[in-house]
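In case you want the letters, here they are:
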Amino acid sequence: MPVKIKFLGHSGILITDGKHNVAVDPFLTGNPVAKQEAKDIKCDTIAISHAHSDHFSDAIEIAKNNNATLVGAYELVQYANSKGVEKIEPANHGGRVKTPFGYIALTQAFHSSSFDGQYMGMPAGIIINIGGINIYHAGDTDIFSDMALIAQNYKPIVSLLPIGDRFTMGPELASRAADLIESKYVIPIHYNTWPPIKQDVSKFKPGASKVVVMQPGEEWTVKP
Ligand code: NI
Ligand code: MN
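It should be emphasised that the depicted structure is a prediction, and the values quoted were computed from it without experimental measurement.

## Points about the overall build of the protein
Within the protein, the regular secondary structure consists of 5 helices and 16 strands. Here the C-alpha radius of gyration of the protein, 16 Å, is about what a compact globule of 224 residues would show, namely 17 Å. Projected onto its principal axes, the C-alpha positions of the protein cover 45 × 35 × 30 Å. Long-range pairs, those at least 24 residues apart, make up 57% of the contacts in the protein with a sequence separation of at least 6. Of the roughly 9500 Å² that the protein leaves accessible, carbon and sulfur atoms contribute 49%.

## What about the coordination of the manganese ion (ligand 2)?
Bound to the manganese ion (ligand 2) on the protein side are Asp54 (OD), His55 (NE2), Asp140 (OD) and His190 (NE2), at distances that span 2.1 to 2.2 Å. Mapping the donors of the manganese ion (ligand 2) onto the primary sequence yields the spacing D-H-x84-D-x49-H. The distance between the manganese ion (ligand 2) and the nickel ion (ligand 1) comes to 3.2 Å, and Asp140 binds to both of them. Here the residue His55 occupies a position in helix 1 (residues 53-56), and Asp140 occupies one in the loop between strand 12 (133-137) and helix 4 (147-154), the gap between them amounting to 85 residues. No difference in accessibility class separates His55 from Asp140, as the two residues are buried.

## Structural notes on the coordination of the nickel ion (ligand 1)
On the protein side, the nickel ion (ligand 1) has His50 (NE2), His52 (ND1), His111 (NE2) and Asp140 (OD) as donor atoms, found 2.2 to 2.3 Å from it. Site description for the nickel ion (ligand 1): donor spacing in sequence, H-x1-H-x58-H-x28-D. The class for His50 is buried, based on a relative accessible area of 1%. When its relative accessible area of 25% is taken as the criterion, His111 is described as partly exposed.

Reading the values: the criteria
Residues numbered from 1 in each chain as written. Chains lettered and ligands numbered in written order. Predicted model: local features only at pLDDT ≥ 70, side-chain atom pairs only at ≥ 80, totals over all residues. Heavy atoms only, no water. Helix = DSSP H or I, 4+ residues; strand = E, 2+ residues; numbered from the N terminus. Rg over C-alpha atoms; globule rule 2.2 N^0.38 Å. Contact = heavy atoms within 4.5 Å. Areas by Shrake-Rupley, 256 points an atom, 1.4 Å probe, with all protein chains shown as cover. Donors = N, O, S within 2.8 Å, 3.2 Å for Na, K, Ca; no water. Buried < 20%, exposed > 50% of the residue type's maximum accessible area, 1.4 Å probe, protein only.

Have a look at this one:
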């Protein structure tokens, strides 16, 4: 079955291969553009890029509701474990975690990561290997030249890049980032959730990658 991506709004997505459901940075509670609530999310795996509340704050509830496995930075998943999440897969940059559908790998991100006043390990980008393809969710980050290494190492067919500016790269730098990553498709994320990250998505203009603009609640089938 083809891999499908559902956009949850902000940076949240649900990926499915028809058998496994992976939530990445699901953020529904307090998300003004979300079409669903945290209790609606069905998944077996959750991957979290970093612990800021607009990425992590629903993960514990969703993990418990689904008895899902939580993948993320060592400190982040240990914190979740201390709050009752039983199935955790601690990882760090460069490492892969084998999963029933393939693997999840953490990559670099230039950002910060804390929650509830605590250090939560390094912020990350996430590679999701599912259905024989790689999807790159960049998390919150600036552009960095080693995105070219992510391209070489994983050849992601789809990349999700933040374009909101202020806390991450804006659309101009994200366009240059897309040119380093060379995915067939790029999906802009982390914009238009609140006024400080309001963006004109038409400014996101990579050279070669096709831009797939998704609305919250929308689903898109990856065509390799
Ligand atoms: Ni953040
Ligand atoms: Mn964020």
